[in-house]
Amino acid sequence: MTVNHSEERKSPTRKHTALPKAQILIEALPWLTRHNGRTVVIKFGGNAMVNEELKSAFAQDVVFLRHAGLNVVVVHGGGPQISAALDKHGIVSEFKAGLRVTTEDAMDVVRMVLAGQVQRELVGLLNQHGPLAVGLTGEDAHTITATKHQPEIDGELVDIGRVGEITAIDTGAIEALLADGRIPVVSSIARSQDDGHVYNVNADTAAAALAAALGAETLMVLTDVEGLYENWPESDEVISRLTASQLEKLLPELSAGMVPKMEGCLHAVRGGVRTARVIDGRVQHSILLEIFTDEGIGTMVVPDEQQGESA
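Just so we're clear, the structure is a prediction, and the values are computed from it rather than from any experiment.

### A few points about the overall build of the chain
- The secondary structure content of the chain amounts to ten helices and 16 strands.
- Relative to its 311 residues, the chain shows a buried fraction of 48%.
- Restricting the contact set of the chain to residue pairs at least 6 apart, pairs at least 24 apart contribute 73%.
- Surface summary for the chain: the accessible area is close to 15,300 Å², and the carbon and sulfur share equals 50%.

### Describing the nonpolar core
- If you look at the biggest cluster of nonpolar residues, it comprises 44 residues, and the most contacted ones within it are I42, F58, L65, V74, L126, I287 and F292.
- If you look at the next biggest cluster of nonpolar residues, it comprises 40 residues, including A211, L251, L254 and A276.

### A word on the sheet that holds strand β6 (residues 144-148)
- Read across the open sheet, the four strands follow the order β9-β6-β11-β12; overall the sheet is mixed. Of all strands in the sheet, those bounded by a partner on one side alone are β9 (164-169) and β12 (198-200). Adjacent strand axes in the sheet meet at a mean angle of 45°, parallel and antiparallel pairs treated alike.
- Both β6 and strand β11 (residues 189-192) contribute to a ladder of two bridges, which runs parallel. The residue bridging A146 from the neighbouring strand is S192, located in β11.
- The strands that helix α5 (residues 104-127) touches are β11 and β12; relative to β12, the one it contacts most, it runs at about 75°.
- Lying on the sheet, helix α7 (residues 203-214) is in contact with β6 and β9; it crosses β9 at an angle near 15°.

### Section: the environment of L54
- Here L54 is to be found in helix α3 (residues 52-67).
- When its relative accessible area of 9% is taken as the criterion, L54 is described as buried.

### Notes on the sheet that holds strand β13 (residues 218-223)
- Pairing is mixed across the open sheet formed by eight strands, whose spatial order is β5-β10-β2-β1-β13-β15-β16-β14. Unpaired on one side and paired on the other, β5 (133-137) and β14 (241-243) mark the two borders of the sheet. Averaged over all adjacent pairs, the angle separating strand axes in this sheet is 20°, with direction ignored.
- Two elements, β5 and strand β10 (residues 183-187), share five bridges in a ladder whose sense is parallel. Bridge assignment links V134 to a residue of β10, and that residue is P184.
- α5 contacts β1 (39-44), β2 (71-76), β5 and β10 of the sheet and is inclined by roughly 165° relative to β5.
- Contacting β1, β13, β15 (275-280) and β16 (299-302), helix α9 (residues 259-270) runs over the sheet at an angle of about 175° to β13.

Parameters at a glance
- Residue numbers run consecutively from 1 along every chain, following the written order of its sequence.
- Thresholds applied to this predicted model are a pLDDT of at least 70 for local features of residues and 80 or more for the giving and counting of side-chain atom pairs; totals over whole chains, interfaces and linings are not thresholded and use all residues.
- Where side-chain values are given, they derive from all heavy atoms of the structure, hydrogens and water being excluded.
- Starting at the N terminus, helices and strands are each numbered in turn, a helix being any DSSP run of H or I of at least four residues and a strand any DSSP run of E of at least two.
- For every residue, the accessible area (1.4 Å probe, protein chains only) is compared with the maximum for its type, and the residue is labelled buried under 20%, exposed over 50%, or partly exposed between those bounds.
- Working rule for contacts: check all heavy atoms of both residues, and any pair within 4.5 Å makes them a contact.
- Areas reported as accessible are Shrake-Rupley estimates using a 1.4 Å probe. Residue values count occlusion only from the protein chains shown.
- Put simply, buried Ala, Val, Leu, Ile, Met, Phe, Trp, Tyr and Cys residues joined by side-chain atoms within 4.5 Å make one nonpolar core.
- Strand pairing is assigned whenever DSSP detects at least two bridges linking the two strands.
- Between N-to-C directions, angles cover 0 to 180 degrees, with each direction set by a line fitted to C-alpha atoms, over the stretch in contact for helices.

Structure (structure tokens):
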């Protein structure tokens, strides 16, 4: 008896090792359809900025989103790199109300690190996958305009130097880059509205303001925690979803480091962004997991009228 081995190989009952990959792609299909042509603003920060594997995975995620039909804007700060550079220059790092105190000397270092180091590295990582990323700062084309910010601590306004409060956003340069199929990478530095200087702007705040001005579908903020905890430090249970009003009530109870992130999420959804998400940047490909899977990770903030809807 002669056996036709070619027919054996074509047997429909044979298990294909690639089948799980196909199932993953099918699961992503409704999310691909939903997000196609939409804009997502991603704030890049935390461990994802300093761990080589996480940086590489982040770049892959962003490029995947771009090829999946999304318009992607990346906004970055550079806390660890700025602190290291300030230390080398003999400038003490100080924080008040969760924001870096930025003297004139410190501002020169901040500008150099954000635009000359962090941004260039990130643009380079993205462009390993093709001529996609273009770097700019909030100074360029008046993208971000700010005035001096003085936070209130114990009922008094405190001077924290060249830290800016955003007063205007001009999305023209970013929209032109998106229309050309590029990935804008924006450093969180702003031009001054009134005194001819530049300002250090919190990157979470800048990302939220840009997301609202662009009419983004989603704001994603990478952090070094799993999300917003229900009752930290007594509990490590993560709140998976909450409305703008629910978040507003929680803000006074949050740690200083989480306040700018969650205030940014609140500003974004109240400014027309459909969802704002705080996700764990320590997890490789956390962006893809959040956007293209049913489970998702982290904490999602939605406008009040979306309560009870699927997102």
